[in-house]
Amino acid sequence: MTGSRRWLRRLLWVLGVLLVVGGLGLWAFLRVGSWLVVEDPLAKAPVVVVLSGSMPIRAREAAEIYKQGHATEVWVTHGADPSEELHELGIDYLGEAFYNQRVLIQLGVPGEATRVLEPTIVNTEDEILVISRQAREEGIHRVILVTSKAHTRRVHTLWRKLAGSDIQLIVRYAREDSYDGAHWWRNTHDALDVVRELLGLANASLGFPVKHHGK
């Protein structure tokens, strides 16, 4: 009987541990989508930057920030796109940066207050390096970056790792973004966003062992 009781206690202990681990895993699963979303209070900055992707909602948000008087210039990053390949096929496509700039102008941002940054970028790491370098060259110490909801935490992480602390970062997300962090598993678009952002955060935390080789 003593041996049976000892075995039963061990079994109950193992079951208890599994229940705790399972509960924590479920809690993390349910919360991770919302955890990815962070945002800073708006403050005046010389520039607001439209990060590449999710056209046109990021540009629309940046235009609103500009019109509210929080920035005096809007920068657009130049994401890699298939415009050259399409041009060879006789198909006119001027690139995401061009259309983002057109959205800004259409929404009331003066053309002279917009600028497309070079060189072409292939990922967010490139964007952070290009933006921070341009800001330093112009003596800018605060920038506002506009992105999508699920991307905000990774933008913060990458800025801290790649840009340093001499330029203050304000991250804002597009109000029109339909991402639902509280129920991210309910549709494939949000689920893919979560997986991509978690992989990107893991890559950053490990020192960027996975490199993106774009054109």
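Residues numbered from 1 in each chain as written. Predicted model: local features only at pLDDT ≥ 70, side-chain atom pairs only at ≥ 80, totals over all residues. Heavy atoms only, no water.

### A word on the overall build of the protein chain
Counted only if it meets this: Comment: elements are numbered from the N terminus, with helices defined as DSSP H or I runs of at least four residues and strands as E runs of at least two. Each residue is assigned to one of three classes by its accessible area relative to the maximum for its type, calculated with a 1.4 Å probe on protein chains only: buried under 20%, partly exposed between the two thresholds, exposed over 50%. Any two residues whose heavy atoms approach within 4.5 Å at even a single point are treated as in contact. In short, Shrake-Rupley with a 1.4 Å probe defines the accessible areas, and a residue's cover is counted only from the protein chains shown. We score Asp and Glu as negative and Lys and Arg as positive, and we do not count His or the chain ends. Here the site of a charge means NZ on Lys, CZ on Arg, CG on Asp, or CD on Glu.
Each helix and strand in the protein chain was counted, giving seven helices and five strands. Its helices and strands taken in sequence order, the protein chain reads α-β-α-β-α-α-β-α-β-α-β-α from the N to the C terminus. Considering the protein chain as a whole, with its 215 residues, one finds that 40% of them fall into the buried category. Relative to all contacts within the protein chain whose residues are 6 or more apart in sequence, the contacts with residues 24 or more apart total 79%. In the structure as shown, the protein chain presents an accessible area of about 12,400 Å², 59% of it carried by carbon and sulfur atoms. For the protein chain, the separation between the mean place of its 25 positive charges and that of its 25 negative charges on side chains is 15 Å.

### Description of the environment of Leu86
Among the structural elements, Leu86 can be located in helix α3 (residues 83-88). Spatially, the C-alpha atom of Leu86 lies 29 Å from that of Gly200, the residues being 114 residues apart in sequence. Not counting residues within four places of it along the chain, the set of residues in contact with Leu86 comprises Ile91 and Tyr93.

### Some words on a nonpolar patch on the surface
For clarity, the threshold we go by: Residues qualify for a patch when their relative accessible area is over 30% and they have no salt bridge, like charges being joined within 9 Å and the nonpolar side chains of Val, Leu, Ile, Met, Phe, Trp and Tyr within 5 Å. A carboxyl oxygen of Asp or Glu within 4 Å of a side-chain nitrogen of Lys or Arg is what we treat as a salt bridge.
A cluster of nonpolar residues, Trp7, Leu8, Leu11, Leu12, Trp13, Val14, Leu15, Val17, Leu18 and Val21, forms a patch on the protein surface that exposes about 1,000 Å² of accessible area. Within the element layout of this structure, Leu11 appears in helix α1 (residues 2-35).

### Here we look at the packing of aromatic side chains
Geometry of an aromatic ring pair is reported as the spacing of the ring centres plus the angle between the planes. For the record, the criterion: Each pair of aromatic rings taken from Phe, Tyr and Trp, with Trp reduced to its six-membered ring, is defined by centres within 6.5 Å and is described as stacked if the planes are under 30 degrees apart, edge-to-face if over 60, and tilted in the remaining cases. Two conditions define a charge located above a ring, namely a distance within 6 Å from the ring centre to NZ of Lys or CZ of Arg, and an angle within 35 degrees of the ring normal.
As enumerated under the stated definition, the model contains four aromatic pairs in all. With a centroid separation of 5.1 Å and 85° between ring planes, the pair formed by Phe98 and Tyr99 is classed as edge-to-face. A relative accessible area of 34% means that Phe98 is categorised as partly exposed. Taking 6.1 Å as the distance between ring centres and 85° as the angle between the ring planes, the aromatic pair formed by Trp184 and Trp185 counts as edge-to-face. In this structure Trp184 comes out as buried when scored by relative accessible area, which is 9%. Feature note: the residues Phe29, Trp184 and Trp185 constitute an aromatic cluster, connected by ring pairs. Over the ring of Tyr173 we find Arg175; its NZ or CZ atom is 4.4 Å from the centre of that ring.

### Concerning the pattern of salt bridges
Throughout the structure, instances matching the rule amount to 10 salt bridges. With a closest N to O distance of 2.7 Å, Glu197 and Arg154 form a salt bridge. In this pair, Glu197 sits in helix α7 (residues 188-205) while Arg154 sits in helix α6 (residues 152-162), placing the two residues 43 residues apart along the sequence. On the accessibility criterion, Glu197 (3% relative accessible area) is buried. With a relative accessible area of 10%, Arg154 lands in the buried category. Residues Glu197 and Arg196 are paired through a salt bridge, measuring 3.9 Å at the closest nitrogen-oxygen approach. For Arg196, a relative accessible area of 43% puts it in the partly exposed group. Because the salt bridges share partners, they merge into one network encompassing Glu39, Glu61, Arg172 and Arg175.

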